[in-house]
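Structural overview for review
In case you want the letters, here they are:
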Amino acid sequence: MKPLWYNSSTALKLNQFSLNIADFSIKLYSESEIDLEEGYLSFLSNTQNHDTTIECFSDINSPIFENKNLVFEAANEIQKFYSIYKFKTDLGFVIYNQQNINEVQQTAILSKNFKHWQIFAKPDEKGNLNPLRYPMGPIIMQYLTVKSEAVMIHASCVFDGEKGRIFTGFSGTGKSTISQIWSEAGNQVINDDRLIIRKTDTGYFVYNTPMYYRDSPKKAPLNSIFLISHYPENKIKKLTGAIAVSKVLAFCIQNNFDRFFIQNNLDFLTALSTQIAVYELGFVPNSSVVDYVLSNETV
Amino acid sequence: MEIQSLYKLKTKFVAREVGNELIIVPLSGNVAQMNALFTLNETGKFIWDNATDNNSIEDIVMLMTDTFDIDSQTAKKDIDTFLQKLETTLV
């Protein structure tokens with residue numbers, strides 16, 4: 001079982017550095033040393049032009065959002081992740097400690113143009129400042145996509161050297177299982193949990209993002225998306241039009257309090273679905289599904 | 001439901017036309033409703049498109065019977081089902 005958070009020893013301390021995640025360039029800087037978790041180390045880059053800058057502070061001067069306009073809460077019956085407030089013209093984020101949801105772990109302000117973050121992080125018991133500590137890091141990655149031709153999706157992806165195949169579905173439907181099966185058949189696993197899909201001048205590509213463990217940045221061309229479920233036999237059905245778009249959208253990571261965010265996702269996936277095949281795939285969790293897909297996919 | 005309520009209800013969704021169908025996604029303040037999006041077929045799209053502040057429910061019923069091969073009772077039932085689905089999505 002993967003942990004929802006990562007809180008072990010950090011691997012690097014820097015005042016300023018750049019990350020390249022899904023070909024988005026991010027600059028982080030602070031007057032204090034920033035602790036960079038192991039999962040981010042392979043994503044360090046030397047890029048000079050940045051899509052987003054992140055200024056990091058200790059939480060002493062954290063902004064107060066409580067009397068502001070609450071627009072979104074990422075929470076369920078058992079977990080509380082973060083809250084979003086309208087803060088002047090910007091967005092204010094309150095991120096909760098995943099081991100103690102009554103404790104605020106970070107607060108953050110995202111500028112109106114989504115180009116600049118200020119993150120106020122609570123140092124841990126050893127005094128380490130870790131502004132990207134989960135779930136802050138994935139939130140930043142998600143907001144890299146909302147004004148771009150991109151989406152973030154809960155899915156696994158495998159690459160056979162020519163084609164990239166995404167497998168998505170509800171929790172427990174076998175995203176990791178099916179990527180493992182394809183891995184055993186010689187495919188590279190791009191990631192088995194969280195991906196970014198981007199449109200580029202040469203087509204649609206899938207990228208991994210930093211996780212709680214160390215992995216190298218990976219990228220694959222996207223050829224097809226499979227909406228998976230366990231089934232007594234392997235069974236495939238191609239989806240098109242509104243059904244294909246809406247079913248893929250359901251597994252994208254979304255903050256749907258803003259009309260623009262929804263519209264951007266709908267526009268992106270509508271265009272994607274005209275070029276990328278979308279299938280429903282019921283599968284038996286063994287190697288037979290690989291041959292079955294290769295024999296029955298239409299692209 | 002009055003047409004004004006339907007028209008107001010529409011503002012709580014974002015719509016995207018895909019071919020002859022429509023995807024509508026509710027504006028939402030939490031994660032739990034993220035999967036509440038749904039697609040409208042040709043009839044649903046017709047009701048959605050004609051739910052303006054200028055049209056009454058009766059106007060839409062009349063437009064539907066003129067456009068599709070259905071009687072007014074069926075059209076009214078389709079509209080009621082449609083409205084219930086929209087309202088349920090926002091709960």
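Higher on the page you've got the structure.
On to the overall build of chain A. Check the secondary structure of chain A and you find five helices and 17 strands. A compact globule built from 299 residues should have a C-alpha radius of gyration of about 19 Å, and chain A, at 20 Å, falls within 12% of that. The C-alpha extent of chain A, read off along each of the three principal axes, is 60 × 40 × 40 Å. When each of the 299 residues of chain A is scored for burial, the buried share is 54%. Considering only residue pairs separated by 6 or more positions, chain A has 63% of its internal contacts joining residues 24 or more positions apart. Split by element, the accessible area of chain A, about 13100 Å² in all, is 48% carbon and sulfur.

Taken together, the contact pairs 24 residues of chain A with 20 residues of chain B. For the pair chain A and chain B, the summed buried surface comes to about 1800 Å²; carbon and sulfur atoms form 63% of the total. The largest per-residue losses of area from chain A upon contact with chain B belong to A:Ala242, A:Asn256 and A:Arg259, which jointly make up 28% of the total buried on that side. Taken together, chain A and chain B are joined by one salt bridge. In this assembly, chain A and chain B are joined by six residue pairs in polar contact (both at pLDDT 80 or more).

Now for the packing of aromatic side chains. Residues and elements named next belong to chain A. Per the counting criterion, the structure on display carries 20 aromatic pairs over all chains. Between the aromatic rings of Phe170 and Phe251, the centroid separation amounts to 5.0 Å while the plane-to-plane angle is 75 degrees, which identifies the pairing as edge-to-face. A residue pair is termed long-range when its members are at least 10 positions apart, and Phe170 in the loop between strand E11 (164-168) and helix H2 (175-184) and Phe251 in the loop between helix H3 (241-249) and helix H4 (259-273) qualify at 81 residues. In this structure an aromatic cluster arises from ring pairing among Phe72, Tyr82, Phe93, Phe114, Trp117, Tyr143, Phe257 and Phe261. Looking at Lys80, its charged tip hangs above the ring of Tyr96, at a distance of 4.4 Å from the centre. Its end group placed over the ring of Phe24, Arg198 keeps NZ or CZ at 3.6 Å from the ring centre.

We now examine the packing of H3(A) against H4(A). Residues and elements named next belong to chain A. Between H3 and H4, whose axes approach to 9 Å, the crossing angle comes to 125 degrees. Compared by their axis directions, H3 and H4 come out oblique. Note that H3 runs across H4; the crossing there is right-handed. From H3, Val245, Val248 and Leu249 reach across to H4, where they touch Asn265, Leu266, Leu269, Thr270 and Ser273. Per-class residue counts for the contact of H3 with H4 are five nonpolar, three polar and no charged.

All names here are of chain A. When strand E7 (residues 90-97) meets strand E8 (residues 100-110), the two strands line up antiparallel, connected through seven bridges. By the bridge assignment for E8, Leu91 is matched with Leu110. Taking the residues between adjacent antiparallel strands as the criterion, E7 and E8 are bridged by two residues. Of the strand pairs in this sheet, E8 and strand E9 (residues 116-121) are connected by five bridges, and their pairing is antiparallel. Bridged to Ala108 within E9 is Ile119. Joining the antiparallel neighbours E8 and E9 is a turn of five residues, in which Phe114 adopts a positive phi near 65 degrees.

All names here are of chain B. Taken in spatial order, the three strands line up as E1-E2-E3 in an open sheet, and their pairing is antiparallel. Since the sheet does not close on itself, it has two edges, and those belong to strand E1 (13-18) and strand E3 (38-40), each with one partner. Direction aside, the axes of adjacent strands within the sheet are offset by 30 degrees on average. Relative to strand E2 (residues 21-26), E1 runs antiparallel, the two being bridged by six bridges.

Attention now moves to the environment of A:Asn187. All names here are of chain A. Tracing the backbone through its elements, the reader meets Asn187 in the loop between H2 and strand E12 (188-191). In sequence terms Asn187 and Leu36 are 151 residues apart; their C-alpha atoms lie 30 Å from each other. Asn187 has contacts with Val158, Phe159, Asp160, Arg165 and Trp182, leaving out every residue within four places of it along the chain. At 3.4 Å, the side chain of Asn187 forms a polar contact with the backbone nitrogen of Asp160.

What counts, and where the lines are drawn
- Residues numbered from 1 in each chain as written.
- Chains lettered and ligands numbered in written order.
- Predicted model: local features only at pLDDT ≥ 70, side-chain atom pairs only at ≥ 80, totals over all residues.
- Heavy atoms only, no water.
- Helix = DSSP H or I, 4+ residues; strand = E, 2+ residues; numbered from the N terminus.
- Rg over C-alpha atoms; globule rule 2.2 N^0.38 Å.
- Buried < 20%, exposed > 50% of the residue type's maximum accessible area, 1.4 Å probe, protein only.
- Contact = heavy atoms within 4.5 Å.
- Areas by Shrake-Rupley, 256 points an atom, 1.4 Å probe, with all protein chains shown as cover.
- Buried area = accessible area lost by both parts, 1.4 Å probe.
- Salt bridge = Lys/Arg side-chain N within 4 Å of Asp/Glu carboxyl O.
- Polar contact = N/O pair within 3.5 Å; in protein donor to acceptor, adjacent residues only side chain to side chain.
- Phe/Tyr/Trp six-rings, centres within 6.5 Å; stacked < 30°, edge-to-face > 60°.
- Lys NZ or Arg CZ within 6 Å of the ring centre and 35° of its normal.
- Axes fitted to C-alpha atoms, helices over the stretch in contact; angles between N-to-C directions.
- Parallel < 35°, antiparallel > 145°, perpendicular 65-115°, else oblique.
- Left-handed = near helix turned anticlockwise from the far one by under 90°.
- Nonpolar A, V, L, I, M, F, W, Y, C, P; charged D, E, K, R; others polar.
- Pairing = 2+ DSSP bridges.

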